[in-house]
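# Structure assessment
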Amino acid sequence: MKQIERYIFVRMALLTFWSLSAVTLLVMTTQVLVRVNVLTTTGQAFGAFLMLAATLIPSVVTIVAPFALLIGVSQVLSSMNSDSELVVVEAAGVPPATVFKPVLLLSATVSLAVLLVSHFVEPWSNNKLYDVLAQAQSDLFSVAVRSGTFMKLEEGLYVQINEKLADGQMGGIFLSDNRTEGNETIYYARSGVVRKSEQTDSNILFLVDGELQQRDLTSDRISIVTFSSYALDMAAFIPAGSAPALRPSERSTRYLLNPDADDYFMTGSKNGITQELVKRFSTWMYPLAFGLVAFSFLGKARSNRHEQFQNGALVAAIALGSRGLGFYSTEASGIDQTMEILSYVVPSVLILVFGFLALTGRTLTIPKAWAQLNYRVMDFCTAQFARLQGRGNTGEGHST
């Protein structure tokens, strides 16, 4: 890269990095606080908190990275315009590709990083995350024995235990599972015990002499199964041995592309495997799309500072709107195939349209009608604020 290109790239990369670090720390803190109740209730060591925080970083980074890139590119281009650096660059006869090259390189680098993290690092970290939570949930059973009250293991999953028996066994186990939409499952057993499985190296809850009640909330039909023994994998609280305990977010991409026909997460009303695949293959495109959108509106020198500010606001609106639509379509992709297609269409359209504009040297700006309307709104608000401030000063004068 030329010196001017390296200068722009370094500024954007540094601002993107610090934005990513700050926002990741903030979001990660909120996610830890959501799950910290299980750890504190069971008296987990401080190392469990650090492990929980570390395993949350990859999943947070894949969501935050596109917005961090948007902040870095938009802020640097706006700052260069305010300091007349873009004017000097254009006056020197430098082609628009000189400014576009570092934007494209940084956007592609962040997209590649998100792609690698979502396909390789995030599944591994999610596996470790559920190990930490599963261990905490196992310890939570001893807390439930002491308290004798309902304990919340996770959203929609509750347990209540009456007494502690000999050899570490528990008596009167009641487990309610409402996590699956449209279905309610209740387990009741006279006794049970938590032990580690040698095959899967995970904690298994063995229930003895009980009933399994399943209720279909849509048709209000109830099925009751009596069992002499029943095993639940505590990593996901699904029947141990009859289906894989690993969730789609913990699986490798190779497995998700060719899953087992009887996979537990494919038999429900919502195909969790399809949803996870859509997330992994669509999220990586947003950093590249956001970088192209920012350059198309802010990559050219503007003499009007208000116009530059309004272009920045329009870039933010496009980014937030498209990413919000992407989140919604990805969440619904396991139910509706149209949403699955839309999850890929949204970022692809942004890349194609704004990539074509950038490669052909064209830039966009806010329409003049919108700009004039914004001016009127801002002038009206400023006048109203000044009038209210003047009335307040007048009132203070009279009271004095």
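Everything here concerns the structure above.
First, a word on scope: everything that follows refers to the structure included in this document.

What counts and how
- Residues numbered from 1 in each chain as written.
- Predicted model: local features only at pLDDT ≥ 70, side-chain atom pairs only at ≥ 80, totals over all residues.
- Heavy atoms only, no water.
- Buried < 20%, exposed > 50% of the residue type's maximum accessible area, 1.4 Å probe, protein only.
- Helix = DSSP H or I, 4+ residues; strand = E, 2+ residues; numbered from the N terminus.
- Polar contact = N/O pair within 3.5 Å; in protein donor to acceptor, adjacent residues only side chain to side chain.
- Core = buried A, V, L, I, M, F, W, Y, C linked by side-chain atoms within 4.5 Å.
- Contact = heavy atoms within 4.5 Å.
- Phe/Tyr/Trp six-rings, centres within 6.5 Å; stacked < 30°, edge-to-face > 60°.
- Lys NZ or Arg CZ within 6 Å of the ring centre and 35° of its normal.
- Axes fitted to C-alpha atoms, helices over the stretch in contact; angles between N-to-C directions.
- Parallel < 35°, antiparallel > 145°, perpendicular 65-115°, else oblique.
- Nonpolar A, V, L, I, M, F, W, Y, C, P; charged D, E, K, R; others polar.
- Salt bridge = Lys/Arg side-chain N within 4 Å of Asp/Glu carboxyl O.

A few words now on helix H6 (residues 272-282). Counting buried positions along H6 yields 9 of 11 residues, so the element is predominantly enclosed. Along H6, the residues that are buried comprise Gly272, Ile273, Thr274, Gln275, Glu276, Leu277, Val278, Arg280 and Ser282. Looking at where H6 begins, the residue whose side-chain oxygen comes 3.1 Å from the main-chain nitrogen of Ile273 is Asn271.

Another aspect to go through is the nonpolar core. Formed by 38 residues in total, the largest nonpolar core has its most connected members in Met12, Val73, Val99, Phe297, Val315 and Phe354. It is helix H7 (residues 285-298) that provides the largest number of residues to this core, a total of 11 residues. Among all residues touching Met12, those that are not within four sequence positions of it are Gly72, Val73, Val76, Leu77, Val103 and Leu106. Within the second largest apolar cluster, 15 residues are counted, among which are Ile161, Tyr187, Leu205 and Phe227.

Below, the discussion takes up the packing of aromatic side chains. Evaluated as defined, the whole model comprises 7 aromatic pairs. Ring plane angle 50° and centroid distance 5.0 Å describe the contact between Phe100 and Phe295, whose orientation is recorded as tilted. Within this pair, whereas Phe100 is found in helix H4 (residues 97-147), its partner Phe295 is found in helix H7, the two being separated by 195 residues in sequence. Neither residue differs from the other here; Phe100 and Phe295 are each classed as buried. Three or more aromatic residues link up through ring pairs in this structure, and these residues are Phe67, Tyr286 and Phe290. Here Arg323 stacks its cationic end above the ring of Tyr286, 4.2 Å away from the centre of that ring. It is Arg323 that lies over the ring of Phe327; its NZ or CZ is 3.9 Å from the centre.

So, on to the packing of H6 against helix H9 (residues 337-359). Their axes nearest at 10 Å, the elements H6 and H9 cross at an angle of 5°. Judged by the angle between their axes, H6 and H9 are roughly parallel. In this structure, H6 contributes Thr274, Leu277, Val278, Phe281 and Ser282 to the contact, and H9 contributes Glu340, Ser343, Tyr344 and Pro347. In terms of residue class, the contact of H6 with H9 is made up of 5 nonpolar, 3 polar and 1 charged.

Below, the discussion takes up the environment of Leu357. Relative to the helices and strands, Leu357 is located in helix H9. Considering only alpha carbons, one finds Leu357 and Leu292, 65 residues apart in sequence, at a separation of 8.8 Å. Not counting chain neighbours up to four residues away, the residues in contact with Leu357 comprise Ser296, Arg362 and Leu364.

As a further point, take the environment of Leu352. One can find Leu352 in helix H9. For the pair Leu352 and Leu292, spaced 60 residues apart in sequence, the C-alpha separation works out to 9.4 Å.

We now examine the pattern of salt bridges. Considering all chains together, one arrives at 8 salt bridges under this definition. Where Arg190 meets Asp209, a salt bridge forms, and the shortest distance between an N and an O atom there is 3.1 Å. With Arg190 in strand E4 (residues 183-196) and Asp209 in strand E5 (residues 203-216), this pair connects stretches of sequence that are 19 residues apart. A relative accessible area of 57% means that Arg190 is categorised as exposed. When the shortest N-O distance is used, the salt bridge between Arg280 and Glu276 registers 2.9 Å. Remark: Glu276 and Arg280 occur in helix H6; sequence separation between them is 4 residues, near one turn of the helix.

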